[in-house]
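So you can see what is in the structure, the chains are spelled out below.
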Amino acid sequence: MSTHVLVTGIGLLTANGVGVEQFWAALQEGVSGLASLSRFDASGYPARLAGEIKGFRAPDHLPGRLLAQTDVSTQYALVAADWAVQDAKIAPGDYLDYEMGVVTANASGGFEFTHREFRKLWTLGPQAVSVYESFAWFYAVNTGQISIRNCLRGPSSALVAEQAGGLDAIGHARRTIIRGTPMMVTGGVDSALDPWGWVSQLSGGRVSPVTDPASAYLPFDVAASGYVPGEGGAILTLENADAARARDAQRNYGEIAGYGTTFDPQPASGRPNGLGRAAEIAMAEAEVTPTEIDVVFADGAGVPELDRAEAETIVRLFGPGGVPVTASKALYGRLYSGAGPVDVVTALLSIRDGRIPPTPSGAGPVAGYDIDLVTRVRPASVACALVLARGKGGFNSALVVRRS
Amino acid sequence: MALVSTDDLRRVLREVTGESPDDVDEASFLETSLEQLGYDSLALMEAAARIQQEFGVRLADDDVFRIGTPRELLRFVNDAAATGR
């Protein structure tokens, strides 16, 4: 069996686009989906902006039975998985159930559902708490529900690494395919836009307090002040290249060519962070040198110290201004486990259409960072992209995505 | 007069599971096993909790798992209510 792993289907939901093409169109125009929170009254909180998904009603896509037992993040994940499988046109009989697995990443679990159950617990007593809370909250539920709905009985798991997890899931899906499972559903989706989820995110200390949506999330910018949280993510179908050919798969968005992951040393150790090493591992596995990377999709935390650390890493690997860098995620928010998969989709579309989407900017990138930040959509020949992600707590992951 | 009617049970099942048994006529509904109607063990536990909340009748987990059809469930619940359990 081939060791080439292809992306054959995509399902995606973000604040500036529901579905791949709507999302891509918005991204190229630099259209932002960030706005004041409408999900609940956030006027009393120090941060009030979020990337909320709009124009999506779960009941239009899922049966009542599933709606009653799932958090909104799981509803998004189930629909994204449906769309990915439909996009890939995987038909019943193409694969045995044990030949298809699921690995998803999750960073926050089912906050909104759980918050409702907490409210019932404290106002009505334990008898009122839904039995479905037993699984609606936990990190593996998206993997579980996708597996059940699509009858996927192959090797499956759930990975938790905050913002890096989404790349870990795709990397692990690739590894699982190379080990012998021909098809994997993978990706990540997060949503925690209820009051409890909101304060949890604010407590991380990295959410921007700026009130203007156009200037609150500006990675690498002189005016960087933190990030704006979003909801959503992407689910992909990955297939072994030989298996995809054997079932006459029509879609081939590109190849997941290499994956690397590292963990940072303790902050006081003085040793360098692990981001560069994760990138090196991914490029080594893909058998590419830095000169062959046409664009870097940065983690883009928007927190000055983290921006600086990431810029330094990119310069160390590629030289000053050595590669176009973009963090178009600032147009729809920081998606935690959804970030990596959406960046992978963005990379694949950049390869397909020869265009790098912009990073919103304010006063302009910090000159001392020495990176070639793409701030307006840029036509470019993109054959190979590097996607980076850093999860709070020390996680670093990197993926190389390549034209197939 | 039974405490819990067939309509009550259909409503409870719809409310707690999001899935409605409305497309099944009453006679079929009463005789078809809950499992065949699409209600798994968690759905039944949830329905039992709601019945207890609404009607004050307690169903132990063991009871719930021994009940097969809606007719059996209604009989169990209404017998328990009548004898004041």
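Residues numbered from 1 in each chain as written. Chains lettered and ligands numbered in written order. Predicted model: local features only at pLDDT ≥ 70, side-chain atom pairs only at ≥ 80, totals over all residues.

K.L.:
Got a sec to walk through the overall build of chain A? Specific residues and values, please.
P.N.:
In terms of regular secondary structure, chain A is built from 12 helices and 16 strands. A compact globule built from 404 residues would reach a C-alpha radius of gyration of about 22 Å, and chain A, at 20 Å, matches this within 12%. Over its C-alpha atoms, taken along the principal directions, chain A stretches across nearly 60 × 55 × 40 Å. Looking at chain A as a whole, 57% of its 404 residues qualify as buried. (Helix = DSSP H or I, 4+ residues; strand = E, 2+ residues; numbered from the N terminus. Rg over C-alpha atoms; globule rule 2.2 N^0.38 Å. Buried ≥ 20, exposed ≤ 12 C-beta atoms within 10 Å, placed from the backbone.)

K.L.:
Summarise the overall build of chain B; cite the residues concerned and give the values.
P.N.:
Summing up its helical and strand segments, chain B has five helices and zero strands in all. Shown N-terminal to C-terminal, the secondary structure of chain B runs as helices and strands in the order α-α-α-α-α. Compactness check: chain B gives a C-alpha radius of gyration of 12 Å against a globular reference of 12 Å for 85 residues, within 12% of the reference. If you line up chain B on its principal axes, its C-alpha atoms span 35 × 25 × 20 Å. Here chain B holds 85 residues, and the buried ones make up 24% of them. Sequence-distant contacts in chain B: of pairs separated by 6 or more residues, those separated by 24 or more amount to 61%. (Contact = placed C-beta atoms within 7 Å.)

K.L.:
Residues and numbers for the pairing of strand 8 (residues 232-240) of chain A, please.
P.N.:
Residues and elements named next belong to chain A. Within strand 8, nine of the nine residues are buried, leaving the element largely enclosed by the surrounding structure. Along strand 8, one buried face is formed by Gly-232, Ala-234, Leu-236, Leu-238 and Asn-240 and the opposite face, lined by Gly-233, Ile-235, Thr-237 and Glu-239, is buried too. Examined bridge by bridge, strand 1 (residues 5-14) and strand 8 share eight bridges and lie antiparallel to one another. Directly across from Leu-13, in strand 8, lies its bridge partner Gly-233. By the bridge criterion, eight bridges tie strand 7 (residues 183-190) to strand 8 in an arrangement that is antiparallel. (Pairing = 2+ DSSP bridges.)

K.L.:
Residue-level account of the interface of chain B and chain A, with values.
P.N.:
At the junction of the two partners, chain B supplies 11 residues and chain A supplies nine residues. Those elements giving two or more residues to the side of chain B that touches chain A turn out to be helix 1 (6-17) and helix 3 (41-55) of chain B. Examining the composition of the side of chain B that touches chain A, we find that six residues originate from one element, helix 3 of chain B, more than from any other. Residues belonging to the side of chain B that touches chain A are distributed by class as follows: four nonpolar, five polar and two charged. (Nonpolar A, V, L, I, M, F, W, Y, C, P; charged D, E, K, R; others polar.)

K.L.:
Quick rundown of the confidence of the model for chain B? Include the residues and the values.
P.N.:
All names here are of chain B. Looking at chain B, pLDDT values average 86 and 95% of them are 70 or higher. Per-residue pLDDT, averaged within each element of chain B, yields its smallest value for helix 4 (residues 61-66) (82) and its largest for helix 5 (residues 70-82) (90). Reported confidences for the modelled complex are a pTM of 0.95 and an ipTM of 0.84. (pLDDT = per-residue confidence, 0-100.)

K.L.:
How would you sum up the packing of helix 1 of chain B against helix 3 of chain B? Please name residues and give values.
P.N.:
Residues and elements named next belong to chain B. Two numbers describe how helix 1 lies on helix 3: the axes approach to 9 Å, and their chain directions differ by 120°. For the pair helix 1 and helix 3, the sense of crossing is right-handed. Touching Val-12, Leu-13, Glu-15, Val-16 and Thr-17 of helix 1 are Ala-43, Glu-46, Ala-47, Arg-50 and Ile-51, all from helix 3. Each residue belonging to the contact of helix 1 with helix 3 can be placed in one class, and the counts come to six nonpolar, one polar and three charged. (Axes fitted to C-alpha atoms, helices over the stretch in contact; angles between N-to-C directions. Left-handed = near helix turned anticlockwise from the far one by under 90°.)

K.L.:
Account for the domain arrangement of chain A, naming residues and giving values.
P.N.:
Put simply, an interface is often sized by how much accessible area is lost when its parts join up. Residue and element names in this part refer to chain A. One can read the domain layout of chain A as domain 1 (5-254) and domain 2 (258-402). Contacts between the two partners involve 59 residues from domain 1 and, on the opposite side, 61 residues from domain 2. Every element with two or more residues in the side of domain 1 that touches domain 2 is listed here: strand 1, helix 1 (20-28), helix 7 (165-178), strand 7 and strand 8. With seven residues, helix 7 is the single largest residue contributor to the side of domain 1 that touches domain 2. Partitioning the side of domain 1 that touches domain 2 into residue classes produces 30 nonpolar, 23 polar and six charged. (Domains from an automatic or database assignment.)

K.L.:
Describe unusual backbone geometry, naming the residues involved and giving the relevant values.
P.N.:
Residue and element names in this part refer to chain A. A positive phi angle is found at Phe-220, which is not glycine, with a value near 70°. Tracing the backbone through its elements, the reader meets Phe-220 in the loop between helix 8 (195-202) and strand 8. A positive phi angle, close to 60°, is found at Asp-370, a residue other than glycine. Mapped onto the secondary structure, Asp-370 falls in the loop between strand 12 (355-356) and strand 13 (372-373).

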